[in-house]
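Survey of secondary and tertiary structure
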Amino acid sequence: MTIRQALISGSGRLGESESPWLDASLLLSEVTGLSREKILASYPDPLSSDDYNSYMELIKKRSQGYPVAYITGTKEFFGRDFHVREGILCPRPDTEVLIEEALAEIDRREYRRVHDLCTGSGCIALTLALERPDLEVSASDISPTVETVFAINRKALEADRVGFSLGNLLENIEGPLDLIATNPPYLTTGETDERMEDSWKEPALALDGGDDGLDLIRIIIPDAARLLKEEGMLMIEADPRQMDAMESLMKDNGFNEIRRICDLAGDERVILGIWSEI
Ligand code: GLN
């Protein structure tokens, strides 16, 4: 059995995945300890039967719907590895778009105090803190699993200064803040149920935003208005279909200079606005 043959047989069992070859090579890399680049450069090399058997165990888990990130325990985001496990939403490339925009606005407007709610793995809060060491960053989430995983990532990434609090949305967060950024649950309950029936392994808690996906966002927008400084910014990741409703909610709550940012697929994925009392 060669590396190449193992990849062919593994990826052939991952027909449900959008990226069977990539998944198979990540899992082979997990088992052999070889980097992905090394795997790709070692197609003709032999694979031991022990490694092959362990690899096929992982392929089986993947074929049952476990994200590769849950199997390997890490997901790369903005160039860093984040620990993930069941109960945690895996960071997604879409959210990197939010990070890029947030960094540009932080620099342009000289923001200092930043809060990330519904932080999950901590990918938004920790990335912003690491990219801009002068920021004062905090994060919150309602899930105790998040509290544990956030602490692991904060330590591994050496971002000890980022505070975490367990709580519902912005309930116990103190202002004034310059920037509030969030990737809240925003799927509809129907979409979430469909995924669960499809044996999706990520938690419904991180996905389900109610009938139209906007239940939490309807709470976040007025709460953010209360906590932001004059000229402070709110950034929310959401579904493209929610953008019009969010824009009017933001306007109703004193936000202006509203902009929508597209994800890598060209869909409107992030909305931002500046809060002003007048
Ligand atoms: N973008 C995610 C997905 O479609 C949803 C994340 C969320 O609800 N925050 O899987």
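Report follows, based on the coordinates. Quantities reported herein were computed from a predicted structural model and do not represent experimental measurements.

1. Structural notes on the pattern of salt bridges
Going through the model one piece at a time under the given rule, you end up with 22 salt bridges. Of the charged contacts, one joins Arg218 and Asp212 as a salt bridge, the two residues approaching to 2.5 Å between their closest N and O atoms. Assessed through its relative accessible area of 31%, Asp212 is described here as partly exposed. In this structure, Asp223 and Arg226 form a salt bridge, with 3.6 Å as the shortest nitrogen-oxygen distance. In this pair, Asp223 and Arg226 are both assigned in helix H10 (residues 215–227), three residues apart and thus about one turn of the helix distant. We classify Asp223 as buried; its relative accessible area is 17%.

2. A closer look at the site of the ligand
Around the ligand sit Arg92, Asn183, Pro184, Pro185, Tyr186, Leu187, Arg195, Ala206, Leu207 and Glu237, and those are all the residues in its vicinity. Take Asn183: an N or O atom from its side chain is 2.8 Å from a nitrogen atom of the ligand. Between the ligand and Pro184, the relevant distance is 2.7 Å, taken from a nitrogen atom to a main-chain nitrogen or oxygen of the residue. For the ligand, whose accessible area on its own is 300 Å², the fraction buried by protein is 91%.

3. Section: the side chain of Glu101
Checked against the element boundaries, Glu101 lands in helix H6 (residues 93–109). When sequence neighbours within four positions are dropped, the list of residues in contact with Glu101 reads Met235, Arg259, Ile261 and Leu272.

4. Here's the deal with the nonpolar core
Core analysis: the biggest nonpolar cluster contains 56 residues, and Leu28, Tyr55, Leu128, Val162, Leu179 and Met235 have the highest contact counts within it. Those residues within four positions of Val162 in sequence are excluded, and the remaining contacts are Ala125, Leu126, Ala129, Val137, Ser138, Phe150 and Arg154. By size, the runner-up hydrophobic cluster in this structure holds 30 residues, among which are Ala225, Leu228, Met243 and Leu249.

Analysis parameters
Residues numbered from 1 in each chain as written. Predicted model: local features only at pLDDT ≥ 70, side-chain atom pairs only at ≥ 80, totals over all residues. Heavy atoms only, no water. Salt bridge = Lys/Arg side-chain N within 4 Å of Asp/Glu carboxyl O. Buried < 20%, exposed > 50% of the residue type's maximum accessible area, 1.4 Å probe, protein only. Helix = DSSP H or I, 4+ residues; strand = E, 2+ residues; numbered from the N terminus. Near = heavy atom within 4 Å. Polar contact = N/O pair within 3.5 Å; in protein donor to acceptor, adjacent residues only side chain to side chain. Areas by Shrake-Rupley, 256 points an atom, 1.4 Å probe, with all protein chains shown as cover. Contact = heavy atoms within 4.5 Å. Core = buried A, V, L, I, M, F, W, Y, C linked by side-chain atoms within 4.5 Å.

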